[in-house]
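Listed below are the residues making up each chain.
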Amino acid sequence: MNRKQNFINGFIKENPVFGLYLGLCSALAISTTIDNAIGMGLCVTLVLIFSNVIISAMRKITPSEIRIPVYIVVIATLVTCAEMLIHAFMPSLFTSLGVFISLIVVNCIILGRAEAFASKNGVVDAALDGLGMGLGYTFSLLLISVVRELLATASLTLSNPFTSDIIFQINLTSLEAYKISLFSSPAGAFLTFAAFSAVFAMIKNKSDAKEKGTK
Amino acid sequence: MTDLFTLAISAILINNIILSKFFGMCPFLGVSRKTSSAIGMGAAVLFVIVGASCITYGLHYLVLVPLGIEYMQLITFILVIASFVQLTEIIIKKFSPVLYKSLGIYLPLITTNCAVLFVAKDNITQGFNISEMLTYSFSVPLGFMLVLYIFSAIRERLDSSKVPASWVGNPIALVVAGLMAIAFTGFAGLV
Amino acid sequence: MKKIITLTLFLAITSAVAGGILAYVNELTAPIIDGMAIEAEKENLELIFPGADFEEVAFEDETGLVKGAYLAQGQGYIYKVEVVGYNSSSPVVFMIAYDNDANNVGFAILNQQETSGFGSRIDTPEFIDTVIGTTVNDSISTLSGATVTTKAVVSGINAAKAVYAIHAGVTVDVQEPTEPEAEVLTLSSDFATDAQIVENVDGVYTISAKGYAANNTVVVTITDGIVASVEVTEFNDTPTIGDLATTDEYLSSFVGKDPSSQVDVVSSATLTSKSILAAVQLALNDANGVVAVNLGNNDFATNKAEIVSSDAGTYNVLSYGFQANNEYVIVIENGAVASVVCSTFADTVGMGDLATTDEYLGSMTGFTTESSFDVVSGATMTSNSVLAAVQAALNAEVKGE
């Protein structure tokens, strides 16, 4: 598969969250605000890129029998570093993401990509795959959190994680009377996710049907 | 500190690991099509969580803290969990090949089950003593098993109903999960 | 065999490299993270030890009340404590500090939402002065009428003392909070609350008396000049706290008592107790023909109240206070006080004017010649001048009709 195709796949057809149902714990728990979504998404993307690169670079020397524990050590190290750096330099993000930063280590996406792609491909390919999947993940988180934040608080706020200054804010005051706080709760997360999954399934079915139709 | 019973009830019902904390989603959506495999999965997770929690708890307080290397917590915990799951796999394969077959790929995937790592970490974060740690480590997977069982029963019924094409499978399952989550919030005032 | 060794070695080396990287990043970030915790607290720490060098220290606390511990280099230890007092939705947060000789050198309430005038007294010198300067072994007494709040704060202080004991390596005698010295009360004492007779049927008095939050209705039966029975028919104070004073045990303790009998107040239900005591007192006095002192019959002769001018219910009255005449403008409507304003104040600034505050003058709204009154302690003579003026105005209004 050529690089561009692979990259785009990460967004729609093989969207990690809506298509492959990986990395759900964080996706659902975090996506209450777009700040959280972007913060978490970028964190996962960076960890994914670095882990893919390192594992790909090590692929020729890593013995196959212990490859899973080795991947785990690499990923856990990267995640712990990320956690410490975020705690020190982006404290507000650290407070809102909390334990979910550590839980990136068990995010199926990272281990899954390491096993399925990075261990079998070159460094550059692995890096791009990481970028694609990571951005696809961020994209899905953003989708869910835009819906949830709008419906639950009738506003969207984006702030700078380093200084907590607000970059932009959209307030739909006219809709404030209609806000549904259910969407900031877990139940709302499930329902939003269900709706998006159905939409993505629909898109996927249509494109599959088109492919079958042209054969 | 809350007494043990309150801790258990709160872990099973009020702050249910799947419905209010979202941990354990992958097996939740993957294994929950049949009630028998749901129970088997739940039991396996229970065994792993209790075992791994005990080991990681001891590891943290007897090794990491005295040596001042708390930053190694994540690596050591996840390695312990991975090894323990490997051990569980060997045990299940030996004693119940049927269960082993039905669980399939999801058994090694318990390693990446957020719930296991979460409980191991939470025991430390919440500063539990040994009896609280044991109660919590036992109750959380019980809650997991409960929800998994209810969910699989509903899914068995769903499989024989007419669901719109795009919603078949996971999307409709998630709607069910959302409704269950709303129902479980009713437990909020229980303790 | 060789394979296993290679595998284990590989894993071990990878882990070691990983550990090394983590140790490095930890070195980089740990100081920043620790610094953040101190920054957040610095403002509060400086309340006690301004300008000192602070360091967060680890601590062990089984009560869970101590939320933070800091060492001020060379000066002592500061603890941040959070307790739940009377208001269960907002904890009382305070800092308490002990120097290296186990003396209390600082006590500051950071946040409290306790009941104004009652629990909030912990943030006044009345309570603070009983803490600062004590040693770690001294016990602290609770405030009457604010028992729940002060008990909670004292338990928090005790928790901090226990942590201090570990930090400083001393043994501490943790004292339970002591009850304040009990005033000897009889049924003739002043209970500082309003009680009104609603109905009196052959010695069965239905009385409305102000407790903590609202009025309680107390039914007192007087036979032959002594108490036969006491019943609380309407309780409007705090459940589980005030109703400690409505138990059969407490109410039956009044049977057979007369105005000279000693009585008790139920601790932590002080105000509800006092409402019951005031009701019993009122019933006894009425049955025995004792006329309670009220605004109409009190002798204010020394104040030589004199009406200077009057116009349709508004009276300008001169009344002698501590050292001179103060002038008041009093408006009477329908036989009761509508407003009292001090137009000229000639007594001691800082002392007498405690009796001319909006609060005190406003408390007289609705007064009639039957009303009981309070005198502001420390400003007795000025208070009397106000009361004398009000009495004069009320009497003049009655005569004028």
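The present account deals with the structure reproduced in this document. (Residues numbered from 1 in each chain as written. Chains lettered and ligands numbered in written order. Predicted model: local features only at pLDDT ≥ 70, side-chain atom pairs only at ≥ 80, totals over all residues.)

1. A closer look at the overall build of chain A
And then number 1: Each helix and strand in chain A was counted, giving 8 helices and 2 strands.
And then number 2: Across chain A, helices and strands are ordered from the amino to the carboxyl terminus as α-α-α-α-α-α-α-β-β-α.
And then number 3: Buried residues in chain A amount to 47% of all 215 residues.
And then number 4: Pairs at least 24 apart in sequence give 77% of the contacts found in chain A among residues at least 6 apart. (Helix = DSSP H or I, 4+ residues; strand = E, 2+ residues; numbered from the N terminus. Buried ≥ 20, exposed ≤ 12 C-beta atoms within 10 Å, placed from the backbone. Contact = placed C-beta atoms within 7 Å.)

2. Focus on the overall build of chain C
And then number 1: For chain C, the helix and strand inventory stands at 7 helices and 15 strands.
And then number 2: Counting every position in chain C, which comprises 401 residues, the buried fraction comes to 34%.
And then number 3: In chain C, once contacts between residues fewer than 6 apart in sequence are set aside, the share between residues at least 24 apart is 56%.

3. Observations regarding the interface of chain B and chain A
And then number 1: Taken together, the 30 residues of chain B in the interface contact 31 residues of chain A.
And then number 2: Of all the secondary-structure elements, those providing two or more residues to the side of chain B that touches chain A are helix H2 (25–31), helix H4 (73–95), helix H6 (114–125) and helix H8 (170–184) of chain B.
And then number 3: It is H8 of chain B that provides the largest number of residues to the side of chain B that touches chain A, a total of 8 residues.
And then number 4: Across the side of chain B that touches chain A, the residue classes break down as 23 nonpolar, 5 polar and 2 charged. (Nonpolar A, V, L, I, M, F, W, Y, C, P; charged D, E, K, R; others polar.)

4. Describing the sheet that holds strand E5 (residues 104–111) of chain C
All names here are of chain C.
And then number 1: The sheet built from 5 strands is open, its strands ordered E1-E2-E3-E4-E5 with antiparallel pairing. Edge positions in the sheet fall to strand E1 (54–56) and E5, since each of these pairs with one other strand and no more. Neighbour-to-neighbour, the strand axes of this sheet turn through a mean angle of 20°, independent of strand direction.
And then number 2: Taken together, the 6 bridges between strand E4 (residues 92–99) and E5 define a ladder with antiparallel strand orientation. Each bridged residue has a counterpart across the sheet, and for Met-95 the counterpart in E5 is Ala-108. (Pairing = 2+ DSSP bridges. Axes fitted to C-alpha atoms, helices over the stretch in contact; angles between N-to-C directions.)

5. With respect to unusual backbone geometry
And then number 1: With phi around 70°, Phe-22 of chain B is a residue other than glycine that occupies positive phi space.
And then number 2: Counting through the fold element by element, Phe-22 of chain B comes out in the loop between helix H1 (4–14) and H2.
And then number 3: Residue Asp-202 of chain C is not a glycine yet carries a positive backbone phi of 50°.
And then number 4: Along the chain, the position of Asp-202 of chain C falls in the loop between strand E7 (195–201) and strand E8 (204–210).

6. Looking at the sheet that holds strand E12 (residues 306–311) of chain C
Residues and elements named next belong to chain C.
And then number 1: The sheet built from 4 strands is open, its strands ordered E12-E13-E14-E15 with antiparallel pairing. With partners counted over all chains shown, the strands left at the sheet margins are E12 and strand E15 (336–344), one partner each. Here the average twist between neighbouring strands, direction ignored, is 25°.
And then number 2: In this fold helix H7 (residues 380–400) packs onto E12, strand E13 (314–320), strand E14 (325–333) and E15, with an angle of close to 40° to the strand it touches most, E14.

7. Quick word on the environment of Met-40 of chain A
Residues and elements named next belong to chain A.
And then number 1: As for its placement among the helices and strands, Met-40 is situated in helix H3 (residues 34–57).
And then number 2: Take Met-40: there are 27 C-beta atoms within 10 Å of it, and that puts it in the buried class.
And then number 3: Taking the C-alpha atoms as reference, Met-40 lies 9.5 Å from Tyr-137; in sequence the two are 97 residues apart.
And then number 4: If we ignore the near neighbours within four places in the chain, the residues touching Met-40 are Ser-26, Ile-30, Leu-97, Phe-100 and Leu-141.

8. Digging into helix H3 (residues 147–168) of chain C
And then number 1: In a regular helix each residue adds 1.5 Å, so 22 residues correspond to 32 Å; H3 of chain C covers 30 Å between its end C-alpha atoms and thus fits that length.
And then number 2: Counting buried positions over the 22 residues of H3 of chain C gives 17, a clear majority of the element. (Expected span 1.5 Å × (residues − 1).)

9. Section: the pairing of strand E2 (residues 166–171) of chain A
All names here are of chain A.
And then number 1: For E2, the tally of buried residues reaches only 0 of 6 residues, placing the bulk of the element at the surface.
And then number 2: The sheet contact formed by strand E1 (residues 155–159) and E2 spans 5 bridges and is antiparallel. Bridge pairing in E2 places Leu-156 opposite Ile-170.

10. Quick look at the packing of helix H4 (residues 67–89) of chain A against helix H1 (residues 2–48) of chain C
And then number 1: Two elements in contact, H4 of chain A and H1 of chain C, have axes separated by 9 Å at closest approach and are oriented at 5°. Classified by the angle their axes make, H4 of chain A and H1 of chain C are roughly parallel. In this structure, H4 of chain A uses Pro-69, Val-70, Val-73, Thr-77, Thr-80, Cys-81, Met-84, Leu-85, His-87 and Ala-88 of chain A to contact H1 of chain C, whose residues at the interface are Leu-11, Thr-14, Ser-15, Ala-18, Ile-21, Leu-22, Val-25, Asn-26, Thr-29, Ile-32 and Ile-33 of chain C. (Parallel < 35°, antiparallel > 145°, perpendicular 65-115°, else oblique.)

11. Considerations on the environment of Val-265 of chain C
And then number 1: Position of Val-265 of chain C among the secondary structure elements: in the loop between strand E11 (262–263) and helix H5 (270–287).
And then number 2: Put simply, Val-265 of chain C and Ala-245 of chain C are 20 residues apart on the chain and 8.0 Å apart in space, counted from C-alpha to C-alpha.

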